[in-house]
Amino acid sequence: MKQLVIAERVCLIGHIVSMVFGLVGILLVVPHAEIILNLAEIGQTAMQWSLAGGGVVYMILGAAAVSLYAYRTLGLGLWLSFLLPSVLISLSSELLGTSTGFPFGHYSYLSGLGYKIAGLVPFTIPLSWFYVGCVAYLLARAGLEVDKKPSLWRHLGAIALGALLLTSWDFVLDPAMSQTSLPFWYWQQPGAFFGMPYQNFAGWIGTGSVFMTVAALLWRNTPIKLERSKLNLPLIVYLSNFGFATVMSLAAGFSIPVLLGLFLGAVPAVVLWWKTQSTSTDATLEPANNKVQIAPVKVALK
């Protein structure tokens with residue numbers, strides 16, 4: 001178990017460091033290519049790496065960190081019963097979207113995010129749906145006390161809130177990633193919301209809700225009790241990815257999507273984490289009985 005924790009933390013740190021390198025490359029090196037010429041050899045190598053494969057690496061490490069966390073805290077069965085539906089359903093939505101325009105709108109992926117499945121969707125995209133979707137759903141499920149006070153409305157609320165947290169990340173990420181000097185996808189028919197069609201948000205909420213519902217059904221017979229301390233990694237992953245998107249959007253001049261994302265995503269995520277029980281009590285201690293009973297002693301006299 002200790003080795004899993006170490007591997008999980010290494011992947012998490014690598015995930016965050018990769019995002020930082022990616023930000024430096026996109027925001028500093030691409031607009032000012034002369035900067036790289038003034039760096040030492042190791043700096044030039046790092047910048048070339050961040051531009052060539054930083055996006056791929058940070059998503060792979062994010063998926064690896066969340067996978068190790070889910071396996072360690074939830075178990076193999078629960079981890080796979082979220083991983084498989086989220087990857088398969090999100091990939092299906094993305095393939096459908098890039099082919100037909102439904103459910104997100106008409107868009108296409110450019111280079112920089114890895115090998116494209118069917119020539120349309122980078123293999124890293126379903127991984128990002130998985131790891132951000134998983135941490136969003138766990139925060140919502142724990143914050144609404146679904147497993148402590150189970151009810152249909154709490155289950156539905158966790159699915160809806162988890163999908164909203166997931167979509168709020170896209171509020172902030174999408175405008176910048178599609179309209180920077182080094183875009184990763186583009187909209188064939190730009191929409192009214194900072195280049196995004198409103199249909200995109202419906203597609204995100206719908207896709208997230210579907211795979212979270214599947215996971216909730218598969219998890220229905222296994223109560224999940226996570227203390228606040230065990231939700232630190234989900235919160236860190238969510239906020240670090242939100243922070244990456246925030247820096248990108250602010251650098252591109254998109255402040256309104258950031259404010260919307262803060263209101264609907266980052267702040268609720270922190271509140272849900274805070275609402276989660278800080279300690280768990282597995283047993284009730286009974287007050288000690290102060291009375292001492294002495295067995296009767298019979299004395300035989302000769």
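Basis of the calculations
Residues numbered from 1 in each chain as written. Predicted model: local features only at pLDDT ≥ 70, side-chain atom pairs only at ≥ 80, totals over all residues. Heavy atoms only, no water. Helix = DSSP H or I, 4+ residues; strand = E, 2+ residues; numbered from the N terminus. Buried < 20%, exposed > 50% of the residue type's maximum accessible area, 1.4 Å probe, protein only. Phe/Tyr/Trp six-rings, centres within 6.5 Å; stacked < 30°, edge-to-face > 60°.

Caption draft 1: Molecular detail of the overall build of the chain. Each helix and strand counted, the chain has nine helices and four strands in total. Counting helices and strands in the order they occur from the N terminus, the chain gives α-α-α-α-β-β-β-α-α-β-α-α-α. A buried classification covers 48% of the 302 residues belonging to the chain.

Caption draft 2: Summary view of the packing of aromatic side chains. As enumerated under the stated definition, the model contains 23 aromatic pairs in all. With a centroid separation of 6.1 Å and 25° between ring planes, the pair formed by F82 and Y137 is classed as stacked. Placement of F82 in helix α4 (residues 76–100) and of Y137 in helix α5 (residues 124–143) is noted, with a sequence separation of 55 residues between them. A relative accessible area of 1% places F82 in the buried class. Using a relative accessible area of 0% as the deciding quantity, one classes Y137 as buried. Relative to W187, the ring of Y107 has its centre 5.4 Å away and its plane inclined at 50°; by these criteria the two rings are tilted. On the criterion of sequence distance, the pair formed by Y107 in strand β1 (residues 107–109) and W187 in strand β4 (residues 185–187) is long-range, its members being 80 residues apart. In this structure, Y107 and W187 share a single accessibility class: buried.

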